[in-house]
Amino acid sequence: MIAATAAPLTFSAYSLIALLFQFLNSFGFIVLATVGLAIIFGMMGVINLAHGEFILIGVYGTALPFHAGVPLPVAMIGGVVAATVFGVLVERTIVNRFYDRLLDSMVATWGLALVVSQLLLIVFGSSLDSISAPMGSVAYGPFSSSIYRSVFLPLVAVAVLVGLYALFTRTEFGIKARATIEDPETARAMGIDTDRMYTVTFAIGSALAGLTGALYAPALGSITPNRGSTFLVEAFVAVVVGGPSVIVGTLSAAGVLSVFNATGSFLFGTFIGQMLLLLVAIVALRALPNGISGYLDDWQQRRRAEE
Amino acid sequence: MTHESLSRRSVLASGATALGVSLAGCSGGGGGGGGGGGPTVGILEDRSGNFQLNGTSKWQATRLAIEEINENGGLLGEQIEIVDPDPQSDNSRYQELTERLILQDEVDALWAGYSSATREAIRPIINENEQLYFYTTQYEGGVCDNTIFPVGATARQQLGIVTPYLAEEFGEDIYIIAADYNFGQLSGDWVNVLAQENDYNIVGEEYIPLDETDFSSVINRIQDEEPDFIMSMLVGANHENFYAQRATNNLESIPIGTSTAMAQGHEHIRYDPPALTNVYAGVSYMEELGDLREGENFVEDFYERWPDANYLNQEAQNNYFSVYLWAQAVEEAGTFDQQEVISVLEEGRDISAPSGDLTLDGATHHMEHEMRVARADENHDISFANNERIGPSFLREEVEGGDGCDLREEDKTTQYVPSDVYDV
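On a predicted model such as this, the values are computed, not experimentally measured, just so you know.

So, how was this worked out
Residues numbered from 1 in each chain as written. Chains lettered and ligands numbered in written order. Predicted model: local features only at pLDDT ≥ 70, side-chain atom pairs only at ≥ 80, totals over all residues. Heavy atoms only, no water. Buried < 20%, exposed > 50% of the residue type's maximum accessible area, 1.4 Å probe, protein only. Helix = DSSP H or I, 4+ residues; strand = E, 2+ residues; numbered from the N terminus. Pairing = 2+ DSSP bridges. Axes fitted to C-alpha atoms, helices over the stretch in contact; angles between N-to-C directions. Contact = heavy atoms within 4.5 Å. Disulfide = S-S within 2.5 Å.

Caption draft 1: Up close: the pairing of strand 13 (residues 356-361) of chain B. Residues and elements named next belong to chain B. Here strand 13 lies mainly inside the structure; 5 of its 6 residues are buried. Pairing of strand 12 (residues 349-353) with strand 13 involves 5 bridges; the strand directions are antiparallel. Its bridge partner lying in strand 13, Ser352 is registered against Asp357. If you look at the hairpin formed by strand 12 and strand 13, you'll find 2 residues sitting between the two strands. Alignment of strand 13 against strand 14 (residues 366-376), held across 3 bridges, turns out to be antiparallel. Pairing of Thr359 across the sheet is with Glu368, part of strand 14.

As structure tokens, then:
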């Protein structure tokens with residue numbers, strides 16, 4: 001058996017640009033795959049193993065209208081709406097029974113994931129036609145990169161994080177939602193409808209999953225009922241590495257993981273890129289048991305205590 | 001950090017690791033029960049999970065063939081029963097079901113499995129019970145096993161028709177990309193063997209994990225090496241994204257040779273041009289070939305029976321003709337007894353299949369296939385070229401120091417690999 005690894009790219013200005021685009025591509029993917037899961041886990045203490053299927057509903061909600069002739073950007077809104085509506089229904093009927101019951105929520109949402117993907121198979125068959133990625137590519141030297149994957153999606157990812165930061169720190173809703181998460185009983189005593197807060201927060205997480213599905217519908221290749229798993233590993237690894245804070249955690253985890261993933265892929269091939277990503281996750285779990293954002297919190301508290 | 005969130009986090013971490021295991025271990029309901037004493041065949045083909053896209057038409061074609069035989073009076077005067085639970089692309093479920101079909105339903109012949117990993121997972125059970133088993137997917141080749149008939153084209157047959165064709169047309173610098181498991185690795189070895197025999201240059205070689213969907217770094221490396229053509233043995237729905245990303249990066253000027261794309265997952269239909277433009281597949285059959293038998297129309301019959309079917313793929317045709325191959329052998333043996341049927345099959349047989357007049361090589365249990373190069377043009381229309389009859393030469397003439405494998409002479413349950421014969 002040959003032990004072939006891909007020949008490393010020769011270093012040049014062009015190949016460094018290629019590396020940068022690979023990093024951006026990976027960064028955008030990890031942020032978008034993670035953010036919906038991070039909100040539902042970080043704010044509500046529910047581990048949503050159906051996260052991949054929420055994304056898949058965004059994919060199908062986009063692909064079906066698109067194939068019926070709706071322009072792609074409009075079809076994408078359909079994907080977000082579909083996932084949001086689905087999320088609200090699921091929260092009202094299933095998830096609201098599982099708040100702060102971690103293990104039970106895992107089993108329930110895992111079951112939900114199986115049901116969703118099997119239903120998609122039964123209703124829509126084994127695959128939908130794929131959608132070509134818009135925006136073409138940018139060429140530099142011998143190389144080229146997809147504008148959609150390596151420029152547009154990372155920009156959307158950053159915009160989503162900025163938007164979430166504003167939502168949870170600058171609006172009345174954000175303050176109420178955080179109060180509900182910190183101390184539901186006091187929040188209720190202060191007149192906050194905590195049930196509604198949970199539903200809205202879950203809906204936001206679902207909408208973000210739907211947005212991810214909508215955005216990746218034209219960047220996924222095949223659209224099949226089992227594609228939800230494509231997003232799941234990166235999403236879980238990023239939440240574990242990132243730690244409890246949704247925005248700082250997602251941003252820092254995506255940054256660190258994609259540096260290693262992109263550099264590994266660039267130097268040694270996609271296999272090593274994937275291995276490095278998992279290796280970093282293992283090391284991070286050992287060295288930073290509270291994740292990157294947990295470590296930053298601890299560090300801040302220590303500094304305050306010293307002052 | 002409170003204790004509560006600490007425990008949340010550790011649960012999450014263990015959940016993430018358990019996820020793969022629990023999904024892999026998932027199992028659902030069973031299929032119909034067999035028994036009843038009549039002749040029974042087992043069909044284990046994936047109708048859900050990762051391989052459902054390829055497995056479903058294999059299941060459909062097997063059923064079609066058996067139903068046709070039953071409509072024409074059955075075999076030896078008896079109607080054939082079918083047991084066909086869905087193994088859901090899950091190898092541990094395959095093992096369970098294989099045991100059940102052999103021991104409980106006592107199937108007289110078994111058609112099972114899409115991937116080579118599946119075949120290897122159930123092979124020990126097949127061997128232990130000496131079960132007559134038809135494996136119909138195109139595969140890396142080399143399986144020499146008493147009761148197994150791998151009737152799909154092998155890597156040497158598929159790559160052997162398409163690689164020299166592309167080298168002649170476009171030049172001799174080859175970049176290999178393949179799925180990172182037994183099939184992909186061994187197929188890559190076969191391209192290396194062909195390169196050694198013909199003095200081609202392998203300018204790059206990369207094996208890609210099955211769950212990878214992003215090929216930007218692969219594409220950058222290919223652009224860096226500027227090969228004359230690419231040999232792609234990528235597998236499964238995740239890897240298809242390579243063809244989509246190839247179109248985004250205007251890479252369709254570099255032709256691709258393949259043993260996996262188009263003829264199985266019908267990517268040329270599911271993707272918009274130019275994703276598959278200038279992809280050349282070494283195939284034994286594709287739906288576009290129609291039916292080469294006089295007065296028969298396999299494609300029409302197939303869609304009449306299964307109006308919702310997506311595509312009639314290369315593997316489905318193998319399932320179809322191998323059911324008839326088995327039926328002929330049963331008629332000749334005058335019994336469903338598996339050892340006697342195998343003895344008849346080992347005499348070698350000619351069979352008229354939709355893909356042409358084929359021959360079963362009794363010694364190796366493999367087929368002499370009519371191989372051709374299928375090309376997708378800028379509209380993804382398929383044309384065929386370079387038709388050639390290729391036999392299982394690796395097993396027949398090359399292994400065991402040139403003596404070959406002869407299952408009529410000796411018992412074997414082995415798989416030969418290219419490195420047994422070649423320095424790769």
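Caption draft 2: Local environment of the sheet that holds strand 6 (residues 148-150) of chain B. All names here are of chain B. Taken together, 5 strands build an open sheet; the order of strands is 2-1-3-4-6 and the sheet is parallel. Bordering the open sheet on either side are strand 2 (81-83) and strand 6, each of which pairs with just one other strand. Between one strand axis and the next, the sheet turns by 20° as a mean value, whatever way the strands run. The strands touched by helix 4 (residues 116-129) within the sheet are strand 3 (109-112), strand 4 (133-135) and strand 6, with strand 4 carrying the most contacts at an inclination of about 170°.

Caption draft 3: Quick peek at the state of the cysteines. All names here are of chain B. Enumeration over the complete set of coordinates arrives at 1 disulfide over all chains. Covalently, Cys144 is tied to Cys405 through a disulfide, its sulfur atoms 2.2 Å apart. On the S-S bond that ties Cys144 to Cys405, the torsion sits near 90°, and the link is right-handed. Placement of Cys144 in strand 5 (residues 143-145) and of Cys405 in the loop between helix 14 (393-398) and strand 16 (413-415) is noted, with a sequence separation of 261 residues between them.

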